[in-house]
Amino acid sequence: MESDEGVDAASQLGRLASVRDDYAVGKRGEGWYHVALGVAAGVLITAQGMDQPWGILVTLAFLLSIPAFITWWRREHGWWVSGYSPRRARWVAAATGLVLVACLAWSYLAPSIWGSLWAGFVAALVVAALGFAWMAVWRREVRSEGAA
């Protein structure tokens, strides 16, 4: 029984190493994920300036869409990594969070829907751009770990 578990763990580690080595280079179509997440974040930010119940409904829809983003990524790529790992990539994720909080406040405090639209537009662009930046940092770390 113990040897079966050891083989299973070894095969899983081998698969992870293979995925890591394979994913050190970008996959076709992954950019759509970053763009779609940016658009979703932009809509979420814009919604903070909408009349109720629209603001709450859009926020709820965004929160419910997060598992769909993760599921899509796992189905397409076979794995999922939290935005807060590895070490250097977490700083890009933290910067994304700060931008979202700032845009959220901007949208919520905007005197008209136009301010919320601008905040959402900025959030969409920044989230998409930082998604690409996160992948670049993550790939650089994967390559450096593989060389070590």
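Residues numbered from 1 in each chain as written. Predicted model: local features only at pLDDT ≥ 70, side-chain atom pairs only at ≥ 80, totals over all residues. Heavy atoms only, no water.

Some words on the overall build of the chain
As a reminder, the rule being used: Going along the chain from the N terminus, every DSSP run of H or I of four or more residues is numbered as a helix, and every run of E of two or more is numbered as a strand. Partly exposed residues are those whose accessible area sits between 20% and 50% of the maximum for their type, while under 20% is buried and over 50% is exposed, using a 1.4 Å probe and protein chains only. Note on contacts: a residue pair is in contact if any heavy atoms of the two residues lie within 4.5 Å. Here the accessible surface of atoms and residues is derived via Shrake-Rupley with a 1.4 Å probe, and residues count as covered only by protein chains that are part of the display.
Counting its secondary structure elements, the chain contains five helices and zero strands. Ordered by position from the N terminus, the helices and strands of the chain form the series α-α-α-α-α. Relative to its full complement of 148 residues, the chain shows a buried share of 32%. Sequence-distant contacts, at least 24 apart, represent 75% of the contacts inside the chain between residues at least 6 apart. When the accessible surface of the chain is totalled, it reaches about 9,500 Å², and 69% of it is carbon and sulfur.

Some remarks on the layout of surface pockets
Vacant regions in the atomic arrangement are exposed by a probe of water-molecule size rolled over the atoms. Selection criterion: The pocket and cavity definitions rest on a 1 Å grid over protein atoms only: a 1.4 Å probe that fits but cannot leave marks a cavity, an open set with protein on both sides within 12 Å along at least five of seven lines marks a pocket, and residues lining either have an atom within 4 Å of a point. Grid points are joined across faces, edges and corners, and a volume is the space filled by probe spheres set on the points.
Estimates place the volume of the largest pocket at around 660 Å³. What lines the largest pocket is a set of 27 residues, among which Y33, L37, G83, A93 and T96 lie closest to the centre. Breaking the lining of the largest pocket down by element, the ones donating at least two residues are α2 (30–47), α3 (54–77), α4 (89–109) and α5 (113–147). Counting residues per element, the lining of the largest pocket draws most heavily on α2, which supplies six residues.

Some remarks on the side chain of S107
Turning to its location among the elements, S107 is positioned in helix α4. If we skip the residues at most four places from it in the chain, S107 touches I45, T46, Q48, G49, S116 and A119.

A closer look at the side chain of T46
Within the element layout of this structure, T46 appears in helix α2. In contact with T46, not counting residues within four places along its chain, are S107, I113, S116, L117 and G120.

A look at the packing of aromatic side chains
Operational definition: Classification of ring pairs rests on two measures: the distance between centres of Phe, Tyr or Trp rings, Trp counted by its six-membered ring, which must be within 6.5 Å, and the angle between planes, read as stacked under 30 degrees, edge-to-face over 60 and tilted in between.
In the structure shown here, the tally under the stated rule is six aromatic pairs. Aromatic side chains Y33 and W72 sit 5.9 Å apart centroid to centroid with 10° between the ring planes, which places their arrangement in the stacked category. On the criterion of sequence distance, the pair formed by Y33 in helix α2 and W72 in helix α3 is long-range, its members being 39 residues apart. Here W72 falls in the partly exposed class, since its relative accessible area comes to 26%.

Concerning the nonpolar core
Put simply, the rule reads: Residue types Ala, Val, Leu, Ile, Met, Phe, Trp, Tyr and Cys, when buried and joined through side-chain atoms within 4.5 Å, form a set referred to as a nonpolar core.
Ranked by internal contacts, the top residues of the largest apolar core, which has 15 residues, are W73, W134, M135 and W138. Elements represented by at least two residues in this core include exactly α2, α3, α4 and α5. Of the residues forming this core, the biggest block, five residues, is contributed by α5.

A short note on the packing of α2 against α3
Quick reminder of the rule: An axis is simply a line fitted to the C-alpha atoms; with a helix, the fit covers only the stretch in contact. Between two such axes, the angle follows the N-to-C directions and lies from 0 to 180 degrees. Here the angle decides the label: under 35 degrees means roughly parallel, over 145 means roughly antiparallel, 65 to 115 means roughly perpendicular, and every other value means oblique. Ten residue types, Ala, Val, Leu, Ile, Met, Phe, Trp, Tyr, Cys and Pro, are classed as nonpolar, four, Asp, Glu, Lys and Arg, as charged, and the remainder, Gly among them, as polar.
The interhelical angle for the contact between α2 and α3, taken along N-to-C directions, is 170°, at an axis separation of 9 Å. One finds that α2 runs roughly antiparallel with respect to α3. Here E30, Y33, A36, L37, A40, A41, V43, L44 and A47 of α2 come into contact with α3, specifically with G55, V58, T59, F62, F69, W72, W73 and H77. For the contact of α2 with α3, the residue count by class is 13 nonpolar, three polar and one charged.

That is the geometry; function is a separate question.
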